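Observations on chain architecture
Here is what each chain is made of, one letter per residue.
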Amino acid sequence: MSNSSSPARGLEGVVAASTRLSDVRGDIGKLIYCGYDIDELAGKATYEEVVHLLHHDRLPNATELAELKDALASFRDLPQAVTEMICSFPKVAPPMHVIRTAVSALGCFDTTADDDSMYAQRRKALRLVAQIPVITAYFHRYRMGLPLLGPDRSLGEAANFLYMLNGEKPSAETEGTMDVCYVLHAEHGMNASTFAARVTVATLSDMYSAITSAIGALKGPLHGGANEGVIKMLLEIGTLDQVDAYIDDALAQKKKIMGIGHRVYKVLDPRAPHLQRMAQVLSAKLGDPKWIQMSERIAELMLAKKQLNANVDFYSATVYHSLGIPTDLFTPIFAIARTAGWTANVLEQLTDNRLIRPQSQYTGPVGLKFVPLESR
Ligand SMILES: CC(C)(COP(=O)(O)OP(=O)(O)OC[C@H]1O[C@@H](n2cnc3c(N)ncnc32)[C@H](O)[C@@H]1OP(=O)(O)O)[C@@H](O)C(=O)NCCC(=O)NCCS
């Protein structure tokens with residue numbers, strides 16, 4: 001814990017908010033969303049049900065779920081100017097830059113952007129859940145030189161995203177896999193991007209600013225960007241027989257292995273086994289066990305050599321790669337799913353807000369005398 005003479009580096013162990021949204025039990029490897037263990041939700045609840053759970057603190061009944069799905073489907077259309085802006089960016093721009101900038105732009109076109117009524121805030125929250133996948137799919141198709149595809153209102157969030165990305169409706173199995181990935185990534189305590197969202201909105205700034213901050217924080221390789229690093233590492237290693245030498249070499253050079261380790265989980269991240277199972281199934285189906293075999297060997301070595309476990313990013317990389325998703329869309333998919341949690345945290349922060357304003361410990365000199373420019 002922090003004290004005035006030795007601040008906690010990286011705020012480790014500091015409790016920065018009270019929340020009903022999720023509990024990350026790093027000591028026993030449990031993740032709880034609003035009272036439900038993640039094992040209870042993954043594969044049972046859809047992403048839309050989890051959005052309702054996080055936004056309303058309870059699972060929806062059938063009518064509420066139908067209304068929520070309708071609202072999400074009706075909120076997907078982007079302002080024409082935002083679509084044009086997305087299609088004016090350099091095709092080589094990293095998608096996370098595009099998504100962050102487009103979300104910020106959405107705030108300029110929403111006449112309710114600064115409306116702080118709970119009704120307006122909830123609508124903005126749902127609009128962002130619905131529109132971030134559309135931004136991602138539009139940019140991808142534009143950069144590939146493919147015609148943009150409008151959303152399909154008959155499809156749920158996971159299926160609509162895959163349809164808008166690939167131009168064909170996914171199989172029920174692929175939709176289900178993506179949906180479970182969304183559920184597993186939807187919320188996760190006071191992670192860096194959620195903290196960024198809360199800090200921003202606690203100044204009584206707006207929902208778009210908060211989510212723009214969150215996307216910027218998620219992008220980094222120590223947070224959501226790690227899933228892209230995992231697949232790059234697997235491609236660099238190349239074959240199963242090269243794994244041991246690669247890890248030995250990387251550890252000797254004090255390099256971080258992406259997708260391994262966690263600030264809070266000191267035991268296995270409870271999301272990892274779900275993703276590992278899906279990666280195993282997909283690898284078997286594709287008849288290409290190489291990626292999962294390499295991943296499992298890396299996880300085994302890191303546990304033995306460093307007592308560090310795989311985190312959510314580790315096996316999700318193999319899942320997305322096996323689904324044929326381009327590597328630089330892995331972190332955007334994390335952002336798409338986490339928008340449920342970010343927006344829920346913004347709504348929660350606003351219900352009992354106080355400016356978040358910690359202090360820093362000054363370590364510089366004192367008493368310096370000003371020297372005029374001509375004498376320096
Ligand atoms: C997640 C992460 C940022 C947590 O960082 P943290 O709590 O600040 O932990 P530290 O970086 O201080 O690491 C503590 C020790 O474990 C080591 N370590 C942590 N993660 C490691 C990794 N992925 N590979 C190799 N060593 C690692 C550090 O080198 C350090 O060792 P040392 O004490 O011998 O110097 C860190 O584990 C990491 O960088 N992982 C890779 C990126 C990643 O997967 N991020 C997604 C998180 S969900």
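Residues numbered from 1 in each chain as written. Predicted model: local features only at pLDDT ≥ 70, side-chain atom pairs only at ≥ 80, totals over all residues. Heavy atoms only, no water.

**Comments concerning the overall build of the protein chain**
Along the backbone of the protein chain there are 16 helices and three strands. Against the compact-globule benchmark of 21 Å for 376 residues, the protein chain has a radius of gyration of 22 Å, which places it among compact chains. Taken across its 376 residues, the protein chain has 51% of its residues classed as buried. Counting every atom, the protein chain has about 17900 Å² of accessible surface; 54% of that belongs to carbon and sulfur. (Helix = DSSP H or I, 4+ residues; strand = E, 2+ residues; numbered from the N terminus. Rg over C-alpha atoms; globule rule 2.2 N^0.38 Å. Buried < 20%, exposed > 50% of the residue type's maximum accessible area, 1.4 Å probe, protein only. Areas by Shrake-Rupley, 256 points an atom, 1.4 Å probe, with all protein chains shown as cover.)

**Quick notes on the site of the ligand**
By nearness alone, 18 residues border the ligand, and Lys256, Ile257, Gly259, Ile260 and Arg263 come closest of all. Between the ligand and Lys256 there is a distance of 2.8 Å, counted from an oxygen atom to a side-chain nitrogen or oxygen. Contacts to the ligand include Ile257, whose backbone N or O atom sits 2.7 Å from a nitrogen atom. A class-by-class count of the residues in the shell around the ligand yields eight nonpolar, five polar and five charged. (Near = heavy atom within 4 Å. Polar contact = N/O pair within 3.5 Å; in protein donor to acceptor, adjacent residues only side chain to side chain. Nonpolar A, V, L, I, M, F, W, Y, C, P; charged D, E, K, R; others polar.)

**Regarding the packing of helix H6 (residues 118-143) against helix H16 (residues 330-351)**
Between two packed helices, the angle of one axis relative to the other and the distance separating the axes together describe the packing. Relative orientation of the contacting elements H6 and H16 amounts to 170 degrees, with a least axis distance of 9 Å. With respect to H16, the axis of H6 lies roughly antiparallel. Touching Met118, Gln121, Arg122, Ala125, Leu128, Val129, Ile132, Pro133 and Thr136 of H6 are Pro332, Ile336, Thr339, Ala340, Thr343, Leu347, Leu350 and Thr351, all from H16. Of the residues belonging to the contact of H6 with H16, the class tally is 11 nonpolar, five polar and one charged. (Axes fitted to C-alpha atoms, helices over the stretch in contact; angles between N-to-C directions. Parallel < 35°, antiparallel > 145°, perpendicular 65-115°, else oblique. Contact = heavy atoms within 4.5 Å.)

**Concerning unusual backbone geometry**
In this structure, Lys254 takes a positive phi of about 60 degrees despite not being glycine. By the element assignment, Lys254 lies in the loop between helix H12 (243-252) and helix H13 (272-286). Positive phi, close to 55 degrees, is recorded for Gln307, a residue that is not glycine. Its place among the elements puts Gln307 in the loop between helix H14 (290-306) and helix H15 (312-322).

**As for the sheet that holds strand S1 (residues 22-25)**
Pairing in this open sheet of three strands is antiparallel, and the strands run S1-S2-S3 from one edge to the other. The two strands at the open ends of the sheet, each matched to only one other strand, are S1 and strand S3 (36-37). Both strand S2 (residues 30-33) and S3 contribute to a ladder of two bridges, which runs antiparallel. Bridge pairing in S3 links Ile32 to Asp37. (Pairing = 2+ DSSP bridges.)

**Structural notes on the environment of Ser213**
Tracing the sequence through the fold places Ser213 in helix H10 (residues 207-218). A residue is classified by how much of its surface remains accessible, and Ser213, at 27% relative accessible area, is partly exposed. Taking the C-alpha atoms as reference points, Ser213 and Arg198, 15 residues apart in sequence, are found 9.3 Å from one another. The residues contacting Ser213, other than those within four sequence positions of it, are Ala196 and Thr200.

**Details of the environment of Phe370**
Positionally, Phe370 belongs in the segment after H16. Exposure remark for Phe370: the relative accessible area of 72% places this residue in the exposed category. Along the chain, Phe370 and His140 lie 230 residues apart, while their C-alpha atoms are 54 Å from each other.

**What about the pairing of S1?**
Covered by surrounding structure in S1 are Ser22 and Val24 only, the residues Asp23 and Arg25 on the alternate face being uncovered. Note: S1 against S2, four bridges, orientation antiparallel. Looking across to S2, one finds that Asp23 is bridged to Ile32. Between the end of S1 and the start of S2, which pair antiparallel, lie four residues, with Gly29 showing a positive phi angle near 70 degrees.

**Side note on the domain arrangement of the protein chain**
Domains assigned within the protein chain are domain 1 (35-222 + 328-351) and domain 2 (226-322). Summarising the inter-unit geometry, the C-alpha centres of domain 1 and domain 2 are found 26 Å apart. Facing the 21 residues of domain 1 at the interface are 22 residues of domain 2. Interface of domain 1 and domain 2: buried area, both sides summed, is about 1800 Å²; carbon and sulfur atoms make up 64% of it. Its salt-bridge partner being Glu173, residue Lys285 comes within 3.4 Å of it at the nearest N-O pair. (Domains from an automatic or database assignment. Buried area = accessible area lost by both parts, 1.4 Å probe. Salt bridge = Lys/Arg side-chain N within 4 Å of Asp/Glu carboxyl O.)

**Observations regarding the packing of H15 against H16**
One can describe the packing of H15 onto H16 by two numbers: an axis separation of 10 Å at closest approach and a directional angle of 110 degrees. If you check the angle between H15 and H16, you find them roughly perpendicular. Here Asp313, Ala317, Tyr320 and His321 of H15 lie close against H16, whose contacting residues are Phe330, Ile333 and Phe334. Tallied by class, the residues present in the contact of H15 with H16 amount to five nonpolar, one polar and one charged.

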